[in-house]
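Here's the letter readout for the chains.
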Amino acid sequence: KRACDQFEQRHSNNNMGKYDEELIQTAAAVAAAGKGILAADESTGTIGSRFEKIKLENSEPNRQAYRELLFTTKDIGQYISGAILFEETLFQKAADGTPFPEMLKRAGVIVGIKVDKGTTPIPGTNGETSTTGLDGLGDRCKKYYEAGARFAKWRAVLKIGASEPSPLAIQENAWGLARYAAICQENGLVPIVEPEILSDGDHSIEVCAAKTEQVLASVFKALADNKILLEGILLKPNMVLAGSAVKLSPPEDVARLTVRTLLRTVPPAVPGIMFLSGGQTELDATANLNAMNKLPKRPWSLSFSYGRALQSSVIKSWKGDKANLAEAQSVFAHRSKCNGLATIGKYEGEEATAESKESLHVANYKY
């Protein structure tokens, strides 16, 4: 009811925000059935750690070449609706001189941009963090919009422990996400609201469900208090999973508990829920998403915003060698198609490769 009242208040008496109609259209387009988001916004340090595994120098030309490999994959827009870029990538060009945002737009892919500045410790907590980057965010959003971006991403990070996430960490991160969302919407960018609970630990899947429900309830309270247009946001949560030190739960259990948690906390006005992969194997991330989309009573699109689960096998196929370009693009196209099918519950499984069944979990993961 509160969300409905806010929507009516915002849209009555000619009180629509400058970008409201565009925000609603953009969010709906990114959340389109059969498609999802390529999260290609790894920081320079993070992409460097991935290049290190294939013994490739972490240089600007190599980063540009790798992102061009992804963006020039044939028919990328068939299963990818949006791509989140790092700031460097937003202003890079392809080898033929075409700016990456223009190249993606031609392919039918909406451009997104990572806008947070990383995390900082919260004093008085057991190593919990809040996300930085609100200072100057409005000006950065204006610049990104002019460069072609139409949505943004801000990652808040929480963890499960004996007394975590603490009320202080939940409150701090929920409010930060809401303030970020307000600034983005004021400047024409659809905010992806990402409260990620790390999978580190030995907790049960039931504990993860309870903690995720607690966090999402707080996040949507903060969004309501900040008068966020829910039709103009996207949610990027973790799936409900047991801790990384515990045996994997079957996709049916992941799907049931994840969707139950969302039904209890996420208003139906939100057009799309774009899950992060959170260190799952490529196959598990796809299978779990597919299982969710076989369940009834889902008022939102359930899709993906995957980084590692779309790219891990791609980088290993590429190896930084131009001779492997076609093979790497074929791998990326395959993973995109599998996840696109999972968003409509039509993924039928596939033969596992060493790369696709490799765990992608990194403890205390920093993006």
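Residues numbered from 1 in each chain as written. Predicted model: local features only at pLDDT ≥ 70, side-chain atom pairs only at ≥ 80, totals over all residues. Heavy atoms only, no water.

A short note on the overall build of the protein chain
For the protein chain, the helix and strand inventory stands at 13 helices and ten strands. Its C-alpha atoms give the protein chain a radius of gyration of 19 Å, within 12% of the compact-globule value 21 Å for 367 residues. Its C-alpha atoms give the protein chain principal-axis dimensions of roughly 55 × 45 × 45 Å. Pairs at least 24 apart in sequence give 81% of the contacts found in the protein chain among residues at least 6 apart. Entry remark: accessible area of the protein chain is about 15500 Å², with carbon and sulfur atoms responsible for 52%. Across the protein chain, 44 positive and 43 negative side-chain charges occur, with their mean positions spaced 2 Å apart. (Helix = DSSP H or I, 4+ residues; strand = E, 2+ residues; numbered from the N terminus. Rg over C-alpha atoms; globule rule 2.2 N^0.38 Å. Contact = heavy atoms within 4.5 Å. Areas by Shrake-Rupley, 256 points an atom, 1.4 Å probe, with all protein chains shown as cover. Lys, Arg positive; Asp, Glu negative; His and termini not counted. Charge placed at Lys NZ, Arg CZ, Asp CG, Glu CD.)

Some details on helix H12 (residues 308-318)
Within an α-helix, residues lying three or four positions from one another point in the same direction, as the helix has 3.6 residues per turn. Of all the eleven residues making up H12, ten are buried; the element is thus mostly covered by neighbouring parts of the structure. Looking at H12, one finds that the buried residues are Arg 308, Ala 309, Leu 310, Gln 311, Ser 312, Ser 313, Val 314, Ile 315, Ser 317 and Trp 318. The positive-phi residue at the C-terminal boundary of H12 is Lys 319, with phi of around 60 degrees. (Buried < 20%, exposed > 50% of the residue type's maximum accessible area, 1.4 Å probe, protein only.)

Quick word on the packing of helix H4 (residues 60-71) against H12
H12 packs onto H4 with a crossing angle of 115 degrees between their chain directions and a minimal axis gap of 12 Å. Read as a crossing pair, H4 and H12 show a hand that is right-handed. When H4 is examined against H12, the residues Asn 62, Ala 65, Tyr 66, Leu 69 and Leu 70 are found in contact with a partner set consisting of Gln 311, Val 314, Ile 315 and Trp 318. Classifying every residue of the contact of H4 with H12 gives seven nonpolar, two polar and no charged. (Axes fitted to C-alpha atoms, helices over the stretch in contact; angles between N-to-C directions. Left-handed = near helix turned anticlockwise from the far one by under 90°. Nonpolar A, V, L, I, M, F, W, Y, C, P; charged D, E, K, R; others polar.)

Here we look at the nonpolar core
Among the nonpolar cores identified, the biggest contains 107 residues, and Tyr 180 and Leu 223 are the most heavily contacted of them. Top element by residues in this core is helix H8 (residues 167-186). It accounts for ten residues. Dropping the residues within four chain positions of it, Tyr 180 is found in contact with Val 115, Leu 134, Leu 137, Ala 152, Lys 153, Trp 154, Pro 191 and Ile 192. (Core = buried A, V, L, I, M, F, W, Y, C linked by side-chain atoms within 4.5 Å.)

Focus: helix H3 (residues 44-53)
Listed in full, the buried residues belonging to H3 are Thr 46, Ile 47, Gly 48, Arg 50 and Phe 51. The elements touched by buried residues of H3 are H4 and H12. Among the residues trailing H3, Lys 55 stands out with phi positive, at a value near 60 degrees.

Looking at the pairing of strand S6 (residues 151-158)
With eight of its eight residues buried, S6 lies for the most part within the structure. Sheet topology places strand S3 (residues 110-114) next to S6; three bridges connect them, and they run parallel. Bridge assignment links Gly 112 to a residue of S6, and that residue is Phe 151. (Pairing = 2+ DSSP bridges.)

Topic: the pairing of strand S2 (residues 80-85)
It is a general feature of regular strands that their side chains alternate between the two faces of the sheet. Here S2 lies mainly inside the structure; six of its six residues are buried. In this sheet, S2 lies alongside strand S1 (residues 36-40) in parallel orientation, the contact comprising five bridges. Within S2, the position partnered with Ala 39 by the bridge is Ile 84. Here S2 pairs with S3 via four bridges, running parallel.

So, the packing of helix H11 (residues 282-292) against helix H13 (residues 325-342)
Helix packing geometry: the angle between the two helix axes and the distance between the axes. Running from N to C, H11 and H13 point in directions that differ by 25 degrees, and their axes come no closer than 8 Å. The angle between H11 and H13 falls in the class roughly parallel. Of H13, the residues touching H11 (which contributes Glu 282, Leu 283, Thr 286, Leu 289 and Asn 290) are Arg 335, Cys 338, Asn 339, Leu 341 and Ala 342. Partitioned by chemical class, the residues of the contact of H11 with H13 number five nonpolar, three polar and two charged. (Parallel < 35°, antiparallel > 145°, perpendicular 65-115°, else oblique.)

Regarding the environment of Arg 140
Within the secondary structure layout, Arg 140 lies in helix H7 (residues 137-146). By relative accessible area, which is 12% here, Arg 140 ends up buried. A sequence separation of 160 residues divides Arg 140 from Trp 300, and the C-alpha atoms of the two residues are 30 Å apart. Residues in contact with Arg 140, not counting those within four places in the same chain, are Val 115, Lys 117, Gly 133 and Asp 135. Side-chain polar atoms of Arg 140 contact the backbone oxygen of Asp 135, separated by 3.1 Å. (Polar contact = N/O pair within 3.5 Å; in protein donor to acceptor, adjacent residues only side chain to side chain.)

Some points on unusual backbone geometry
The step from Glu 164 to Pro 165 runs through a cis peptide bond, and the omega angle for that step is 0 degrees. Its place among the elements puts Pro 165 in the loop between S6 and H8. Unlike most non-glycine residues, Lys 55 shows phi in positive territory, near 60 degrees. Its location among the elements puts Lys 55 in the loop between H3 and H4. The phi dihedral of Lys 227 is positive, around 55 degrees, even though this residue is not glycine. Looking at the element boundaries, Lys 227 is found in the loop between helix H9 (205-225) and strand S8 (234-235).

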